[in-house]
Amino acid sequence: MKHTRNPYRSLLAGLSLVVCAATPALAQEGEGVILLGYRSVDVDGSQAEFDEDINQDDGPVLFRLDISVDPESGLADHLELDATDLGGQSFESLHFGARSYGVYEFTFDRRESDYSYHDTLGAADGTAHPDYHTFDFRRVRDVARLELDLAPTATLTFGFDRFSKSGESTTTLDISRDEFEFHRPVDEEMESFDVGFSYAWDKVTLVLEERISDYQNMVEVFLPGASEGEAPGPATLDFFFLDQPYDYSSQRHTARVLARPHEKLDLRFSASLESLDLDLEASEHSQGTTFSGSPFTTDLGGEGQIDRDIELYDFELTYLVNERLGVVAGARHKALDQRGGLAFGTDFNASNWELESTGYEAGVRFRLPRDFSLGGGLAFETRDIAFHWEQGSEGHGEDGSTDSSGYWLDLAWRPDRSLELIAKIDTNSFDDPFTLTSPTDRSRYRLQGRYRWENGLSLQASVLRSDFENDDSGWTSDTLRSTVRLGYTRPDLVASFGYSNVEMDREIAHVVAGGALRPFFDIDYGSDSDFFDGRVRWSPTERLAVGGNVYFYDNAGSFALQREDLRAFVECAFTDHYVGGISYRRVDYDEGLFDFDDYSADIVELTVGYRH
């Protein structure tokens, strides 16, 4: 069932009244835009896939509220209020800000969004069956920040960050050689509090920060009723309940020093200490029949705990030898110590991780004649890992050590403000990657450029190649991304067109042990994606604007997919202040090989509003 979205719909009428009441004050003291209207959505095909991609509904919408006021008197010198898509839509935002120059600055931001997933899977014979993993939840994030200017050189800040996720989902578990579908409510929340203080002397700035976070996840999995599973047979379940809530609290202490003892020397140092304490409880109760037809019951309980400590130290140096030569250097140290254990029924598992890494890098940068600049440097890192775990009465341990080395180079040419060309190379190699899907060699190559003509025309282009490989497992991952964008700007016309191509190849050869046989099991994934987007806005008169947006996506390879997204609009100013508009959007989604989730959607938006 689709998640109901009503947090703002009940407020829309009240907001409309507030907007109408605020219009006279806006006209006298401030500036801004208010756009109200109605959105009509018509979907032909898979409603579930449309909800996953776009997730918009019919109904009244406050499309845009953007107000900025500078009161002549009061506690604030500047007030601002911004909102988009209020009215129970899938992506809503609200921003409020207040500022008194030289005294304080306060901001509050809220972001709400829906996520829905209910897909259909295709088989090799062309038949379809549902994907029993579904999601339908709403995410809300509130961020507030208050900055107090204690003195021209001292600042005190307070911050609050809250994130919550709530809704429904379904999942599957394999029990007694069969697969069963379960409900899994989504209920998690995290809150963080920040305090910061900074003080600036003539040549040194000190920044101190504290953060406290609390997280809760009420994990619950249950069977809504008796079930014979996905393959009806001897295995059945009468009931099943699994509760596994967990929560953690963490603290982070950070200190940063920014110093410039000399006009040619910049120094940066930061230190961060972080701790985390996680507590877990678990209980399982079930009853059913095994694949052999015999009855079974479970009545298990347990608890677990994880403690983690992290230390981070970072130092950077920049020194200008002369007008053409600069030196950069840095050093980093990271340490992680994590201990955890879980007892569930008669099973016991525990582990202890210790990781330390120290890295160094140094480089130089030259300013060459004819506005060229050349930079390059070397980077080294050593890493020590100690891992010990216990499973039941058996204990195992493994220690590892690895070194990595690499270099980077970049070349830039900026003869004037209209032209820029940049080339970059970044490579690293690792003696022991520790895992079979971590690279032993990593390389990145980038070439980009831009040019702007005096007539308003601009051109940007870039090519990025990334190569990752693991010599121990034969795993490779290569990506090539090419992008070009053309823009044009003049007082009555704004246009932009872009094209991107992304080629990805992933390959690994596994050896599968099956008795005396050890066959290769190859995994080869590839995609070739084309993206095209464009937008045009033309204002033939001061009261009229027309335009549109286009977006095409075409993916070939392991998963074929095409999507077309077209939009056209007309905006008109009836008077100096009152405006209106209409837009039409057409979206076509085609999965290529299978058509179970194909859809087309027509979206019409009508708007009226006031601007000043």
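Above this text is the structure in question.
Described below are features of the structure shown in this document. Being a predicted model, the structure only gives us computed values, none of them experimental.

### Considering the overall build of the protein
Summing up its helical and strand segments, the protein has two helices and 31 strands in all. Its C-alpha atoms give the protein principal-axis dimensions of roughly 80 × 65 × 50 Å. The proportion of buried residues among the 612 residues of the protein is 32%. Across the protein, every contact between residues at least 6 apart in sequence was considered, and the portion connecting residues at least 24 apart equals 56%. For the protein, the exposed surface amounts to about 35200 Å²; the carbon and sulfur share of it is 56%.

### Overview of the environment of Ser373
Within the fold, Ser373 resides in strand β20 (residues 372-391). With a relative accessible area of 11%, Ser373 lands in the buried category. For the pair Ser373 and Asp194, spaced 179 residues apart in the sequence, the C-alpha separation amounts to 40 Å. Beyond its immediate stretch of four places on either side in the chain, Ser373 contacts Arg365, Phe366, Arg367, Leu368, Asp410, Leu411, Ala412 and Arg414.

### A few points about a negative patch on the surface
Taken together, Glu311, Glu354, Glu356, Asp384, Glu398, Asp399, Asp403, Asp431, Asp432, Glu469, Asp471 and Asp472 make up a surface patch of like negative charges. Elements that contribute at least two residues to the negative patch include exactly β19 (347-368) and β21 (394-416). Of the residues forming the negative patch, the biggest block, three residues, is contributed by β21. Its location among the elements puts Asp472 in the loop between β24 (457-470) and β25 (475-490). The exposed category is assigned to Asp472, whose relative accessible area is 56%.

### Concerning the pattern of salt bridges
In this structure the tally under the stated criterion is 36 salt bridges. Note that Arg110 is salt-bridged to Asp142, the shortest N-O span being 2.6 Å. Here the residue Arg110 occupies a position in strand β5 (residues 104-117), and Asp142 occupies one in strand β8 (residues 134-151), the gap between them amounting to 32 residues. Across the pair Arg141 and Asp161 runs a salt bridge whose closest N-O atoms are separated by 2.6 Å.

### Looking at the nonpolar core
Listed in full, the ten residues of the largest apolar core are Val41, Phe50, Ile54, Tyr553, Leu561, Val587, Tyr589, Tyr599, Ala601 and Ile603. Counting residues per element, the ones that place at least two in this core are β30 (578-590) and β31 (599-611). In terms of residue count, β31 provides more of this core than any other element does, three residues in total. Look past the residues within four positions of Tyr599 in its chain and what remains in contact with it is Val43, Asp44, Gly45, Ser46, Glu49, Phe50, Asp53, Ile54, Val587, Asp588 and Tyr589. Listed in part, the nine residues of the second largest apolar core include Leu223, Phe240, Leu242 and Phe296.

### Structural notes on the layout of surface pockets
Estimates place the volume of the largest pocket at around 700 Å³. Lining the largest pocket are 29 residues; nearest its centre among them are Leu35, Arg64, Arg537, Phe569 and Glu571. Among the elements of the structure, β1 (30-45), β2 (59-69), β27 (520-541), β28 (544-557), β29 (561-573), β30 and β31 are those that each provide at least two residues to the lining of the largest pocket. No other element matches β29, which puts six residues into the lining of the largest pocket. A breakdown of the residues in the lining of the largest pocket according to their chemical character gives twelve nonpolar, eight polar and nine charged.

### Structural notes on the environment of Asp467
Mapped onto the fold, Asp467 is located in strand β24. A sequence separation of 38 residues divides Asp467 from Asp505, and the C-alpha atoms of the two residues are 9.8 Å apart. A distance of 3.2 Å separates a polar atom in the side chain of Asp467 from a polar atom in the side chain of Arg465.

### As for the pairing of β19
Direction of pairing for strand β18 (residues 325-344) relative to β19: antiparallel, over a ladder of 20 bridges. If you follow Lys334 over to β19, its bridge partner there is Ser357. What sits between the antiparallel neighbours β18 and β19 is a turn of two residues, in which Gly345 has the positive phi angle 65°. Here β19 runs beside β20; their pairing, made up of 20 bridges, is antiparallel. Bridge pairing links Arg367 to Ser373 in β20. Taking the residues between adjacent antiparallel strands as the criterion, β19 and β20 are bridged by three residues, where Arg370 takes a positive phi near 65°.

What counts and what doesn't
Residues numbered from 1 in each chain as written. Predicted model: local features only at pLDDT ≥ 70, side-chain atom pairs only at ≥ 80, totals over all residues. Heavy atoms only, no water. Helix = DSSP H or I, 4+ residues; strand = E, 2+ residues; numbered from the N terminus. Buried < 20%, exposed > 50% of the residue type's maximum accessible area, 1.4 Å probe, protein only. Contact = heavy atoms within 4.5 Å. Areas by Shrake-Rupley, 256 points an atom, 1.4 Å probe, with all protein chains shown as cover. Patch = residues over 30% accessible without salt bridge, like charges linked within 9 Å, V, L, I, M, F, W, Y side chains within 5 Å. Salt bridge = Lys/Arg side-chain N within 4 Å of Asp/Glu carboxyl O. Lys, Arg positive; Asp, Glu negative; His and termini not counted. Charge placed at Lys NZ, Arg CZ, Asp CG, Glu CD. Core = buried A, V, L, I, M, F, W, Y, C linked by side-chain atoms within 4.5 Å. 1 Å grid on protein atoms, 1.4 Å probe; cavity = no way out; pocket = protein on both sides within 12 Å on 5 of 7 lines; lining within 4 Å. Points joined across faces, edges and corners; volume = space filled by probe spheres on them. Nonpolar A, V, L, I, M, F, W, Y, C, P; charged D, E, K, R; others polar. Polar contact = N/O pair within 3.5 Å; in protein donor to acceptor, adjacent residues only side chain to side chain. Pairing = 2+ DSSP bridges.

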